[in-house]
Amino acid sequence: MLNGITSVVVVMVGMYLMTRMPRKTMLTVGLTGTVTWLTTAETFPLHVRGIAWVRRVVPESRGKSLEELEQHFKQAVAAK
C-alpha cells in the first residue's frame with residue numbers, strides 16, 4: 001500500500017513540475033525516474049523511446065505540438 005501511495009505522489013509531483021520547468025532541464029537533471037519517464041514518453045515516438053541522448057538530441061518540448069516535434073526529428077534525420 002505504501003508503494004502505491006508513493007507512486008501516486010511522485011507522479012503528481014512530476015506532473016506539477018512538467019507545467020513549471022523546461023522538459024529538457026528536467027530530463028537532464030533527472031529529478032525523478034517518473035519525471036524522466038513522463039518526459040520521454042511525451043517527446044519520443046514509440047519506436048525510439050528509451051534511446052535518448054539528452055544534451056545533443058532532445059528538443060525542448062514545452063509549448064510545442066507533436067507535429068512540431070515530429071518536424072524537428074524529421075529535419076534531424078534529413079541532416080544526417
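Residues numbered from 1 in each chain as written. Predicted model: local features only at pLDDT ≥ 70, side-chain atom pairs only at ≥ 80, totals over all residues. Heavy atoms only, no water.

**Student:** Explanation requested: the overall build of the protein in the structure shown.
**Tutor:** Regarding its fold elements, the protein presents five helices and zero strands. When the helices and strands of the protein are placed in sequence order, the string is α-α-α-α-α. Within the protein, the fraction of its 80 residues that count as buried is 21%. By sequence separation, contacts in the protein at least 24 residues apart represent 42% of the contacts at least 6 residues apart. (Helix = DSSP H or I, 4+ residues; strand = E, 2+ residues; numbered from the N terminus. Buried < 20%, exposed > 50% of the residue type's maximum accessible area, 1.4 Å probe, protein only. Contact = heavy atoms within 4.5 Å.)

**Student:** I would appreciate a short explanation of the confidence of the model for the protein in the present structure.
**Tutor:** Here the protein shows a mean pLDDT of 77. Residues at 70 or above account for 71%. By mean pLDDT, the top-scoring element of the protein is helix 5 (residues 66–79) (89), and the lowest-scoring one is helix 4 (residues 54–57) (65). (pLDDT = per-residue confidence, 0-100.)

**Student:** Would you mind going over the side chain of S61 with me for this structure?
**Tutor:** With respect to the helices and strands, the residue S61 is situated in the loop between helix 4 and helix 5. A residue is classified by how much of its surface remains accessible, and S61, at 4% relative accessible area, is buried. With residues near it in sequence (within four places) discarded, S61 still touches R23, E42, T43 and L69.

**Student:** Just to check I follow, could you spell out a nonpolar patch on the surface for this structure?
**Tutor:** A surface patch of nonpolar side chains, about 560 Å² in accessible area, is lined by M1, L2, I5, V9 and V13. Secondary-structure assignment places L2 in helix 1 (residues 2–18). Classification of L2 as exposed rests on a relative accessible area of 64%. (Patch = residues over 30% accessible without salt bridge, like charges linked within 9 Å, V, L, I, M, F, W, Y side chains within 5 Å. Areas by Shrake-Rupley, 256 points an atom, 1.4 Å probe, with all protein chains shown as cover. Salt bridge = Lys/Arg side-chain N within 4 Å of Asp/Glu carboxyl O.)

**Student:** Before we go on, may I ask you to explain the pattern of salt bridges in this structure?
**Tutor:** As a working rule, side chains carrying opposite charge can pair if their charged atoms are close by. Counted according to the given criterion, the structure contains one salt bridge. With a closest N to O distance of 3.4 Å, K74 and E70 form a salt bridge. Of this pair, K74 and E70 are both found in helix 5, four residues apart, which corresponds to roughly one turn of the helix. Residue classification places E70 among the partly exposed positions, given a relative accessible area of 45%.

**Student:** I tried to follow the environment of R23 on my own but got confused; where do I start?
**Tutor:** By the secondary structure assignment, R23 is in helix 2 (residues 23–29). For the pair R23 and R62, spaced 39 residues apart in sequence, the C-alpha separation works out to 6.2 Å.

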